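Chain by chain, the residues:
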Amino acid sequence: MFRRKLTALDYHNPSGFDCTDESQFRNCIVWLEDQKIRHYKIEDRGNLRNIPSSEWPKAYQKYLQDLNCPFGVEEKKEAVDWLLGLAVRYEYGDNVEKYKNCQPLAASNSADKAVDPLVNLDSNSPDFKAGVTALANILKVQRHDDYLVMLKAIRILIQERLSPEAIAKANQNKEGVPVALDKHILGFDTGDATLNEAAQILRLLHIEELRELQTKINEAIVAVQAIIADPKTDHRLGKVGR
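Let us look at the structure shown here. Residue positions are counted from 1 within each chain, in the order its sequence is given. Only residues with pLDDT of at least 70 are given local features in this predicted model, and only at 80 or more are side-chain atom pairs given and counted; all residues enter the totals for whole chains, interfaces and linings. Hydrogens and water molecules were not included; the side-chain quantities draw on all heavy atoms of the structure.

## Re the packing of helix H7 (residues 126-139) against helix H8 (residues 147-161)
The description of two helices packed together rests on the angle between their axes and the distance between the axes.
Argument step 1. Put simply, H7 and H8 touch, their axes get as near as 10 Å, and they point 40° apart. Of the possible angle classes, the one that applies to H7 and H8 is oblique. Viewed along their axes, H7 and H8 form a crossing whose handedness is left-handed. Here Phe-128, Lys-129, Val-132, Thr-133, Leu-135, Ala-136 and Leu-139 of H7 lie close against H8, whose contacting residues are Tyr-147, Leu-148, Met-150, Leu-151, Ile-154, Leu-157 and Ile-158.
Argument step 2. Split into classes, the residues belonging to the contact of H7 with H8 amount to 12 nonpolar, 1 polar and 1 charged. Every angle, taken between N-to-C directions, lies between 0 and 180 degrees, and every axis is a line fitted to C-alpha atoms, over only the stretch in contact when it is a helix. Under the DSSP-based scheme used, a helix requires at least four consecutive residues in state H or I and a strand at least two consecutive residues in state E, with every element numbered from the N terminus. Each angle gets one of four labels, with under 35 degrees taken as roughly parallel, over 145 as roughly antiparallel, 65 to 115 as roughly perpendicular, and the rest as oblique. With the far helix as reference, a near helix turned anticlockwise by less than a right angle produces a left-handed crossing, and one turned clockwise produces a right-handed crossing. In what follows, residue pairs with any heavy atoms lying within 4.5 Å of each other are defined as contacts. In this classification, Asp, Glu, Lys and Arg are treated as charged, Ala, Val, Leu, Ile, Met, Phe, Trp, Tyr, Cys and Pro as nonpolar, and every other residue, Gly included, as polar.

This is how it looks when you write it as structure tokens:
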């Protein structure tokens, strides 16, 4: 989850960092403050550097508050990811000339080669999750544990319902078609000609509603198949599947 940012910051063990290991976690926080963020003066970093202390969580909580971090000590992964992002911004700001001409690592040699726009997204980023959740709430898309699946569902909805073509088609006026009621068999007799005619009209309207419902069901099936037929690919781990 943190490997790319730790690598960009020249952390000594980006691949082996385990956020759930308390010792590694605390050492990483101190390293970020000492080497990259440098929010405190050196003489004010004593409490944060006192890693074995039982008071360290309080010092860490104060540190997050002083940085105006939107996450608390309980949200360990989110807070670490936010701190890493802050460190990366500071690192770039300190070395603009060094990094401004760097080529992206994932740049393709072929400009015409199609690239999945989801490949380079960090699906574990709190900002990514918050953005997808906000879109899902606006568009009334069903929540899912996998945020990439939610994003794909949102993309399908936008393509199918909110594209200029789809909106133009929805705005087209539907002209009614004359129907000869005497050609449609009601199947029962109320004993009153007027009631029979009303029942025929209601039945035809019901059939039209059923057709519209079937169309929506078919669209839903196609949308679900488009999602489940494409297994999640974790390009960072080089494997397919959850």
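## Considerations on unusual backbone geometry
Argument step 1. Phi is positive for Asp-10, which is not a glycine, with a value near 65°.
Argument step 2. Mapped onto the fold, Asp-10 is located in the loop between helix H1 (3-8) and helix H2 (22-37).
Argument step 3. Of note in this structure, Arg-38 is not a glycine but carries a positive phi near 55°.
Argument step 4. Along the chain, Arg-38 falls in the loop between H2 and helix H3 (46-49).

## Concerning H2
Argument step 1. When accessible area is computed with a 1.4 Å probe and restricted to protein chains, residues below 20% of their type maximum are described as buried, those above 50% as exposed, and intermediate ones as partly exposed. What H2 keeps buried is the set Phe-25, Arg-26, Cys-28, Ile-29, Val-30, Trp-31, Leu-32, Glu-33, Asp-34, Lys-36 and Ile-37.
Argument step 2. Of the surrounding elements, those touching the buried residues of H2 are H1, H3, helix H4 (56-66) and helix H5 (76-94).
Argument step 3. Put simply, Asp-21 is the residue that caps the front of H2, since its side-chain oxygen is 3.0 Å from the backbone nitrogen of Ser-23.
Argument step 4. Looking one or two places after H2, you find Arg-38, whose phi comes out positive at around 55°. Here a polar contact means two N or O atoms within 3.5 Å. Within protein one must be a hydrogen donor candidate and the other an acceptor candidate, and residues neighboring in sequence count only if both atoms are side-chain atoms.

## Considerations on the environment of Glu-160
Argument step 1. Checked against the element boundaries, Glu-160 lands in helix H8.
Argument step 2. By relative accessible area, Glu-160 is classed as exposed at 55%.
Argument step 3. Between the C-alpha atom of Glu-160 and that of Ala-223, which follows or precedes it by 63 residues, the distance is 9.4 Å.

## Quick notes on the packing of aromatic side chains
Argument step 1. Any Phe, Tyr or Trp ring, taking Trp's six-membered ring, that has another such ring centre within 6.5 Å forms a pair; planes under 30 degrees apart are called stacked, those over 60 apart edge-to-face, and the others tilted. This structure, assessed with the given rule, holds 7 aromatic pairs.
Argument step 2. Ring centres of Phe-25 and Trp-56 lie 5.9 Å apart, and the angle between their planes is 80°; this geometry places the pair in the edge-to-face category. Of the two residues, Phe-25 is situated in helix H2 and Trp-56 in helix H4; the sequence distance between them amounts to 31 residues.
Argument step 3. Taking the relative accessible area as the measure of exposure, Phe-25 reaches 2% and is therefore buried.
Argument step 4. For the ring pair Phe-25 and Tyr-60, a centre distance of 5.3 Å and an interplane angle of 90° mean the geometry is edge-to-face. Highlighted residues: Phe-25 in helix H2 and Tyr-60 in helix H4, separated in sequence by 35 residues. Here Phe-25 and Tyr-60 have matching classes, each one buried.

## Structural notes on the pattern of salt bridges
Argument step 1. For salt bridges, the criterion is a side-chain nitrogen of Lys or Arg within 4 Å of an Asp or Glu carboxyl oxygen. For the coordinates displayed, the defined rule picks out 9 salt bridges.
Argument step 2. Of the charged contacts, one joins Glu-33 and Arg-45 as a salt bridge, the two residues approaching to 3.4 Å between their closest N and O atoms. Residue Glu-33 is located in helix H2, and its partner Arg-45 is located in the loop between H2 and H3; the two are separated by 12 residues in the primary sequence. When sorted by exposure, Glu-33 lands in the same class as Arg-45, which is buried.
Argument step 3. Between Arg-45 and Asp-34 there is a salt bridge, with its nearest N and O atoms 3.2 Å apart. Pair noted here: Arg-45 is in the loop between H2 and H3 and Asp-34 is in helix H2, with a separation of 11 residues, a long-range link. This pair shows no difference in class: Arg-45 is buried, exactly as Asp-34 is.
Argument step 4. Where salt bridges share partners, they join Glu-33, Asp-34, Arg-45 and Arg-49 into one cluster.

## Some points on the packing of H2 against H5
Argument step 1. Axis separation between H2 and H5 bottoms out at 10 Å; the angle between their running directions is 25°. With respect to each other, H2 and H5 are oriented roughly parallel. The handedness of the crossing between H2 and H5 comes out as left-handed. Touching Glu-22, Phe-25, Ile-29, Leu-32, Lys-36 and Ile-37 of H2 are Lys-76, Val-80, Leu-83, Leu-84, Leu-86, Ala-87, Tyr-90 and Glu-91, all from H5.
Argument step 2. Looking at the contact of H2 with H5 residue by residue, the classes come out as 10 nonpolar, no polar and 4 charged.

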